Amino acid sequence: MTAFRLGLTGSIGMGKSTTAAMFAAEGLPVWDADAAVHRLYAPGGAAVAPLAAIHPAAQSEGGIDRAALKAWIARDPAALGRIEAIVHPLVAADRHAFLQAVAADIVVLDIPLLFEKGYEAEMDATLLVTAPPALQRARVLARPGMTEAQFSAILARQMPDSEKRGRATHIIETLELDAARAAVRALIGYIRTTLDA
Ligand SMILES: CC(C)(COP(=O)(O)OP(=O)(O)OC[C@H]1O[C@@H](n2cnc3c(N)ncnc32)[C@H](O)[C@@H]1O)[C@@H](O)C(=O)NCCC(=O)NCCS
Ligand SMILES: Nc1ncnc2c1ncn2[C@@H]1O[C@H](COP(=O)(O)OP(=O)(O)OP(=O)(O)O)[C@@H](O)[C@H]1O
């Protein structure tokens, strides 16, 4: 059976990881794009050699130093595009391997840049997690080391939440844990009714 692919996304601090964990707790396999990038950047990971080849300072102790990449991105407007040209095909290969190996009726793919990069074309449905801007801001600024300037820079690289709301198949407001958990269960139940039909 081919699994139903539910693409989970949302802007920074909207609750992707928390909501993904709720799907996992309901027994659904979850693939996490950020975790895939961490594996690719770890010592021995497939992105280490090609990134070191274009930017030697990015390599440290056999892996990729994310701080060095960030410093390069801050300095050179072409850097992010060059990094993405290497990293995104490797992430896609990891995602395809997961989808090949998985056995379940529904799988969740947690992809922060799902709409920005057009990955919805590979999904059967999309789920946007969202919250009011003031709550998003309070959550993100509560993180150790996060500054107003960093938050603004990250927001500027992401599609506005209002636009994502217009594109998503489903939306969950992450105001409160119990309500979000109930919405996750309801969505799984709804998707299963469409699979049975
Ligand atoms: C720039 C890097 C080094 C920053 O690493 P760091 O650990 O500090 O932060 P993290 O990865 O958690 O990202 C911070 C925020 O920036 C956003 N972000 C990350 N990469 C991108 C990107 N290519 N375009 C837009 N936003 C991005 C994330 O969604 C997140 O909200 C890292 O994100 C990276 O190597 N990005 C390029 C690879 C990529 O596209 N990753 C996205 C997942 S496919
Ligand atoms: N349903 C919810 N109810 C209450 N708080 C929530 C809910 N979902 C997430 N949160 C809180 O919001 C914050 C951000 O959540 P989370 O880390 O899951 O977001 P994210 O979208 O994965 O963030 P990032 O884009 O930075 O990876 C956390 O402090 C988390 O506890």
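Just so it is clear, the structure is predicted and the values come from calculations on it, not from any experiment.

Visitor: What's the story with the site of ligand 1 in this structure? I'm lost.
Guide: Residues in contact with ligand 1 amount to 17 residues; listed here are only the nearest, Tyr41, Arg66, Lys70, Glu84 and His88. Within the side chain of Arg66, one N or O atom sits 2.7 Å away from an oxygen atom of ligand 1. At a separation of 3.1 Å, an oxygen atom of ligand 1 approaches a polar side-chain atom of Gln158. A molecule is said to occupy a pocket when more than half its atoms come within 2 Å of that pocket's grid points, and by this definition ligand 1 occupies the largest pocket. Elements supplying a minimum of two residues to the shell around ligand 1: α2 (33–41), α4 (66–75), α5 (79–101) and α7 (148–157). If you tally residues by element for the shell around ligand 1, the top one is α5, at five residues. Its residues assigned to classes, the shell around ligand 1 comprises 11 nonpolar, two polar and four charged. The residues that make up the shell around ligand 1 include at least three from each of domain 1 (1–29 + 106–197) and domain 2 (33–101).

Visitor: For this particular structure, what's the right way to read the packing of helix α1 (residues 16–25) against helix α9 (residues 177–196)?
Guide: For any two helices packed against each other, the geometry is given by the interaxial angle and the distance between the axes. One can describe the packing of α1 onto α9 by two numbers: an axis separation of 10 Å at closest approach and a directional angle of 50°. On the basis of the axis angle, α1 is oblique to α9. The chirality of how α1 crosses α9 is right-handed. Side by side, α1 and α9 meet where Thr18, Thr19, Met22 and Phe23 of the first sit next to Leu177, Ala180, Arg181, Val184, Leu187 and Ile188 of the second.

Visitor: Please clarify how the layout of surface pockets should be interpreted in this entry.
Guide: Empty space left among the atoms is revealed by rolling a probe the size of a water molecule over them. Estimates place the volume of the largest pocket at around 1700 Å³. Taken together, 48 residues make up the lining of the largest pocket; nearest its centre are Asp34, Arg66, Pro112, Arg157 and Gln158. For the lining of the largest pocket, the elements supplying multiple residues, two or more each, are α1, β2 (30–32), α2, α4, α5, α7 and α9. Considering every element that reaches the lining of the largest pocket, the biggest residue donor is α5, with seven residues. Across the lining of the largest pocket, the residue classes tally to 24 nonpolar, 10 polar and 14 charged. Here the lining of the largest pocket spans two domains, since at least three of its residues come from each of domain 1 (1–29 + 106–197) and domain 2 (33–101).

Visitor: What should I look at first to understand the domain arrangement of the chain in this one?
Guide: The accessible area lost on association of the parts is a frequent measure of interface size. We note that the domain assignment places domain 1 (1–29 + 106–197) and domain 2 (33–101) within the chain. Of note, the centres of domain 1 and domain 2, computed from C-alpha atoms alone, are 23 Å apart. Between domain 1 and domain 2, the contact holds 12 residues from the first and 10 residues from the second. In total, about 900 Å² of surface goes out of reach between domain 1 and domain 2, with carbon and sulfur atoms giving 61% of it. Put simply, domain 1 and domain 2 have two salt bridges between them. Here Lys117 and Glu84 are joined by a salt bridge, their closest N and O atoms 3.1 Å apart. Inspection of the region where domain 1 meets domain 2 yields four residue pairs in polar contact (both at pLDDT 80 or more). Elements that contribute at least two residues to the side of domain 1 that touches domain 2 include exactly β5 (106–110) and α7. Per-element tally for the side of domain 1 that touches domain 2: the top contributor is β5, with three residues. Considering only residue class, the side of domain 1 that touches domain 2 consists of six nonpolar, one polar and five charged.

Visitor: Please explain the site of ligand 2 as it appears in this structure.
Guide: Near ligand 2, the surroundings consist of 15 residues, among which Lys16, Ser17, Thr18, Arg139 and Arg143 are the closest. Side-chain polar atom of Thr18 to an oxygen atom of ligand 2: 2.6 Å apart, as the coordinates give it. About the coverage of ligand 2: the protein hides 73% of its 640 Å² of free accessible area. Comparing atom positions with the cavity grids shows ligand 2 to sit within the largest pocket.

Conventions used here
- Residues numbered from 1 in each chain as written.
- Chains lettered and ligands numbered in written order.
- Predicted model: local features only at pLDDT ≥ 70, side-chain atom pairs only at ≥ 80, totals over all residues.
- Heavy atoms only, no water.
- Near = heavy atom within 4 Å.
- Polar contact = N/O pair within 3.5 Å; in protein donor to acceptor, adjacent residues only side chain to side chain.
- 1 Å grid on protein atoms, 1.4 Å probe; cavity = no way out; pocket = protein on both sides within 12 Å on 5 of 7 lines; lining within 4 Å.
- Sits in = over half its atoms within 2 Å of the grid points.
- Helix = DSSP H or I, 4+ residues; strand = E, 2+ residues; numbered from the N terminus.
- Nonpolar A, V, L, I, M, F, W, Y, C, P; charged D, E, K, R; others polar.
- Domains from an automatic or database assignment.
- Axes fitted to C-alpha atoms, helices over the stretch in contact; angles between N-to-C directions.
- Parallel < 35°, antiparallel > 145°, perpendicular 65-115°, else oblique.
- Left-handed = near helix turned anticlockwise from the far one by under 90°.
- Contact = heavy atoms within 4.5 Å.
- Points joined across faces, edges and corners; volume = space filled by probe spheres on them.
- Buried area = accessible area lost by both parts, 1.4 Å probe.
- Salt bridge = Lys/Arg side-chain N within 4 Å of Asp/Glu carboxyl O.
- Areas by Shrake-Rupley, 256 points an atom, 1.4 Å probe, with all protein chains shown as cover.

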